[in-house]
Amino acid sequence: MTHKIPATVITGFLGAGKTTLIRNLLADAGGRRIALIINEFGDLGVDGDVLRACAGTACREEDIVELTNGCICCTVADDFIPTMTKLLERDEKPDHIVIETSGLALPQPLVAAFNWPGIRERVTVDGVVTVIDTAAVAAGRFADDEARVAAQRAADDSLDHDNPLEELFEDQIRAADLVILNKADLVDEAALDGVRTQVEREAGRKLPILTAEGGKLPADVLIGLQAGTEQLIAGRRSHHEIHHADGHEHDHEDFDSFLVELGSVASREALEDALRTVIAQYDILRLKGFASIKGKPMRLQVQAVGNRIDSYFDRPAAQGEGTRLVVIGLHDRLDDAARKAITAHLETLTICAAA
Ligand SMILES: Nc1nc2c(ncn2[C@@H]2O[C@H](COP(=O)(O)OP(=O)(O)OP(=O)(O)O)[C@@H](O)[C@H]2O)c(=O)[nH]1
């Protein structure tokens, strides 16, 4: 039998810590040559930028492929399969493939694609690793508001699920071979135990659940699971598969993203304050990108998950580089008026246009 290249699928909601976990994995690859396939929601390619910056012997720049034509679960045939085929046709094959799905992706269609002829003979899914933002789950961000659900069901009893965040949370856990309760530094023991119990309940089967801070786990824990998940995935169906057995296309209509482009902004503090305001006002789920700050020779990387904002200067700013931020939220909360208002609010910070 020919050797199959193992592939690890890293999934988890927006901002759970997938890219951070992969950075650590690359730093601890133990001589393996890893190819990375990255898919993200929004047009900016922040994850690719972050991961390319730490490319080294484990993963060279040419081993990082970004899939930018939408969520990987919806572009399996057009994007993922051709990318994978090209990767497998290279003379120098990787020892391991790591796939970071977008935070909004259902892992099931992606994993099922490993059964396609031409793929199944050459690659196997070593494991699906689901990264959880423990603090967000503990804060109830993925829980249905029971009163609202009851009201919606009373109005339409054919409704399957009401909260798209909760549905994705459950689907990503159902697909898992290993769950990582990340951001353990932000919660106490009791909250951690509560989230563990919630995950066990959603999984409905025994599976390993580990805790992590900053996505730090030994590479040997994350890879080498040898799960062969492509053969198991039919038994781990998503809400969508259960409720649309007719082949109805899954889409991401509950979520939206748009790009804000500005020149240099007055200060880091002013930017963070303004972001805090718009995030709260429009329930923004995720905001990330790069900012040019007046008088600073370095580029500021900005990462917001809900109302939690991290920022750090990551590399020298290039000539004329402005500020570019991708904003991701619920479709209902990001209509045209909201987009204009968010952009206008952030534009008040701009002190000079990008060259
Ligand atoms: N406090 C804390 N922050 C973390 C941890 N892991 C990641 N973060 C931060 O959370 C933010 C999002 O992390 P990412 O690794 O980009 O998350 P992601 O899942 O790749 O995000 P998307 O690709 O947008 O879905 C960044 O600011 C990270 O520094 C952790 O364990 N604790």
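Here the structure is a predicted model, which is why all the values come from computation and not from measurement. Within any chain, residue numbers begin from 1 and follow the written order of that chain's sequence. In keeping with the predicted nature of the model, local features appear solely for residues at pLDDT of at least 70, side-chain atom pairs appear and are counted solely at 80 or more, and the whole-chain, interface and lining totals rest on all residues. Only heavy atoms go into the side-chain values, all of them from the structure, while hydrogens and water stay out.

Trainee: So what's going on with the pattern of salt bridges? Which residues, and what values?
Mentor: Take a side-chain nitrogen of Lys or Arg and a carboxyl oxygen of Asp or Glu: if they are within 4 Å of each other, that pair is a salt bridge. Within this structure, the stated rule accounts for 23 salt bridges. Here glutamate 62 makes a salt bridge to arginine 60, at a shortest N to O gap of 4.0 Å. The classification of residues rests on relative accessible area computed with a 1.4 Å probe and restricted to protein chains. Under 20% of the type maximum is buried, over 50% is exposed, and intermediate values are partly exposed. The exposure class assigned to glutamate 62 is partly exposed, which follows from its relative accessible area of 45%. The partly exposed category is assigned to arginine 60, whose relative accessible area is 30%.

Trainee: Which residues make up the site of the ligand, and what values go with them?
Mentor: Here a residue is considered near a molecule or strand provided that any single heavy atom belonging to it is located within 4 Å of it. Not every one of the 22 residues close to the ligand is listed here, only the nearest: Thr19, Thr20, Gly214, Lys288 and Asp310. The definition of a polar contact used here is a pair of N or O atoms within 3.5 Å, where within protein one atom must be able to donate a hydrogen and the other to accept one, and adjacent residues in sequence count solely through side-chain atom pairs. Between an oxygen atom of the ligand and a main-chain N or O atom of alanine 16, the distance comes to 3.2 Å. Here an oxygen atom of the ligand sits 2.9 Å away from a polar atom, N or O, in the main chain of glycine 17. In the complex, the protein chains occlude 89% of the 660 Å² of accessible area that the ligand would expose alone. The helix and strand labels rest on DSSP assignments: H or I over at least four residues marks a helix, E over at least two residues marks a strand, and numbering proceeds from the N terminus. Contributions of two or more residues to the shell around the ligand are made by α1 (18–27), β10 (286–292) and β11 (298–305). Of the residues forming the shell around the ligand, the biggest block, three residues, is contributed by α1. Here the residues of the shell around the ligand are counted per class, giving five nonpolar, eight polar and nine charged. Accessible surface area values rest on a Shrake-Rupley calculation with a 1.4 Å probe, where residue burial reflects the displayed protein chains alone. Following the grouping adopted for this structure description, the nonpolar residues are Ala, Val, Leu, Ile, Met, Phe, Trp, Tyr, Cys and Pro, the charged ones are Asp, Glu, Lys and Arg, and the polar ones are all others, Gly among them.

Trainee: Give me the nonpolar core: which residues, what numbers.
Mentor: Membership of the largest hydrophobic core comes to 61 residues, with the highest contact counts inside it found for Phe80, Met84, Ile97 and Ile99. The greatest single-element share of this core, amounting to six residues, is contributed by helix α3 (residues 76–89). Whether two residues touch is decided by their heavy atoms; if any such pair falls within 4.5 Å, the residues are in contact. Among residues more than four places away in sequence, those in contact with isoleucine 99 are Thr8, Val9, Ile10, Ile37, Ile72, Phe80, Met84, Leu110 and Phe114. What is meant by a nonpolar core is a set of buried Ala, Val, Leu, Ile, Met, Phe, Trp, Tyr and Cys residues, joined one to another through side-chain atoms within 4.5 Å. Val260, Leu262, Ile284 and Ala338 belong to the second-largest nonpolar core, a separate cluster that totals 25 residues.

Trainee: Tell me about the pairing of strand β6 (residues 178–182), and name the residues and values.
Mentor: Burial runs high along β6: five of the five residues are buried. What you see with β6 is no split at all: Leu178, Ile180 and Asn182 on one side and Val179 and Leu181 on the other are buried throughout. When DSSP finds at least two bridges between two strands, those strands are taken to pair. The pairing of strand β5 (residues 123–133) with β6 spans five bridges and is parallel. Across the sheet, residue aspartate 133 finds its bridge partner in β6, namely asparagine 182. Across three bridges, the pairing between β6 and strand β7 (residues 209–211) is parallel. Each bridged residue has a counterpart across the sheet, and for isoleucine 180 the counterpart in β7 is leucine 210. By convention a crossover is right-handed if, when the strands point away from the viewer, the path from the first strand over the helix to the second runs clockwise. For the segment spanning β6, helix α8 (residues 189–203) and β7, crossover handedness is right-handed.

Trainee: Run through the sheet that holds strand β8 (residues 255–262), naming residues and quoting values.
Mentor: Adjacent strands of a sheet form backbone hydrogen bonds with each other and so pair up, either parallel or antiparallel. The antiparallel open sheet is built from five strands, whose spatial order is β8-β13-β10-β11-β12. Because the sheet does not close on itself, it has two edges, and the strands there are β8 and β12 (308–316). The average angle at which neighbouring strand axes cross in this sheet is 15°, direction not considered. Here helix α11 (residues 268–282) sits on the sheet and contacts β10, β11, β12 and β13 (323–330); the angle it forms with β12, its principal contact strand, is near 140°. Only the stretch in contact is used when fitting a helix axis, every axis being a line fitted to C-alpha atoms; angles between N-to-C directions are given from 0 to 180 degrees. Along the sheet face, helix α12 (residues 336–347) touches β8 and β13 and points at about 30° away from the line of β8.

Trainee: So what's going on with the packing of helix α7 (residues 164–174) against α8? Residues and values would help.
Mentor: A pair of packed helices is characterised by two quantities: the angle between their axes and the separation of those axes. Interaxial distance between α7 and α8 falls to 8 Å at its minimum, and their mutual angle equals 75°. The angle between α7 and α8 falls in the class roughly perpendicular. Where α7 approaches α8, its residues Phe169, Glu170, Ile173 and Arg174 are matched on the opposing element by Gln198, Val199, Glu202 and Ala203. Looking at side-chain class alone, the contact of α7 with α8 contains four nonpolar, one polar and three charged residues. An angle below 35 degrees is read as roughly parallel, one above 145 as roughly antiparallel, one from 65 to 115 as roughly perpendicular, and any other as oblique.

Trainee: So, the UniProt feature "domain: CobW C-terminal" (unreviewed entry) in the protein: which residues are in play, and what are the values?
Mentor: Per the UniProt record, "domain: CobW C-terminal" (unreviewed entry) is found at residues 256–347. From the first C-alpha to the last, residues 256–347 spans 21 Å; its make-up is 29% helix and 45% strand. UniProt positions are given in the numbering used here, feature names are shortened, and annotations may be inferred rather than shown by experiment.

Trainee: Report on the environment of alanine 219, specifying residues and quantitative values.
Mentor: Inspection of the secondary structure puts alanine 219 in helix α9 (residues 219–222). Through-space distance from the C-alpha of alanine 219 to that of isoleucine 22 is 9.3 Å; in sequence the pair is 197 residues apart. Contact partners of alanine 219, with chain neighbours within four places excluded, come to Leu25, Asp28 and Arg32.

Trainee: Quick rundown of unusual backbone geometry? Include the residues and the values.
Mentor: What you tend to see is this: most non-glycine residues have negative phi, and most peptide bonds are trans. Of note in this structure, lysine 183 is not a glycine but carries a positive phi near 60°. Within the secondary structure, lysine 183 is located in the loop between β6 and α8. Look at lysine 183 and you get buried, because its relative accessible area is 15%.

Trainee: Just give me the short version of α1, but keep the residues and values in it.
Mentor: Residues that lie three or four places apart on an α-helix share one face, since the helix turns once every 3.6 residues. By the burial criterion, the buried members of α1 are Lys18, Thr19, Leu21, Ile22, Leu25 and Leu26. End-on, the buried residues of α1 take up no more than an arc of 155°, which puts them together on one face. Close packing links the buried residues of α1 with β1 (5–11), β2 (34–39), α2 (46–53), β4 (96–100), β5 and α9. This arc describes the spread of directions from the helix axis toward the C-beta atoms.

Trainee: Account for the pairing of β8, naming residues and giving values.
Mentor: Judged by how many residues are buried, β8 sits mostly within the fold: six of eight residues are covered. Judged from the eight bridges that link them, β8 and β13 form a sheet pairing that is antiparallel. In the sheet register, glutamate 261 faces β13, and the bridge partner there is arginine 324.

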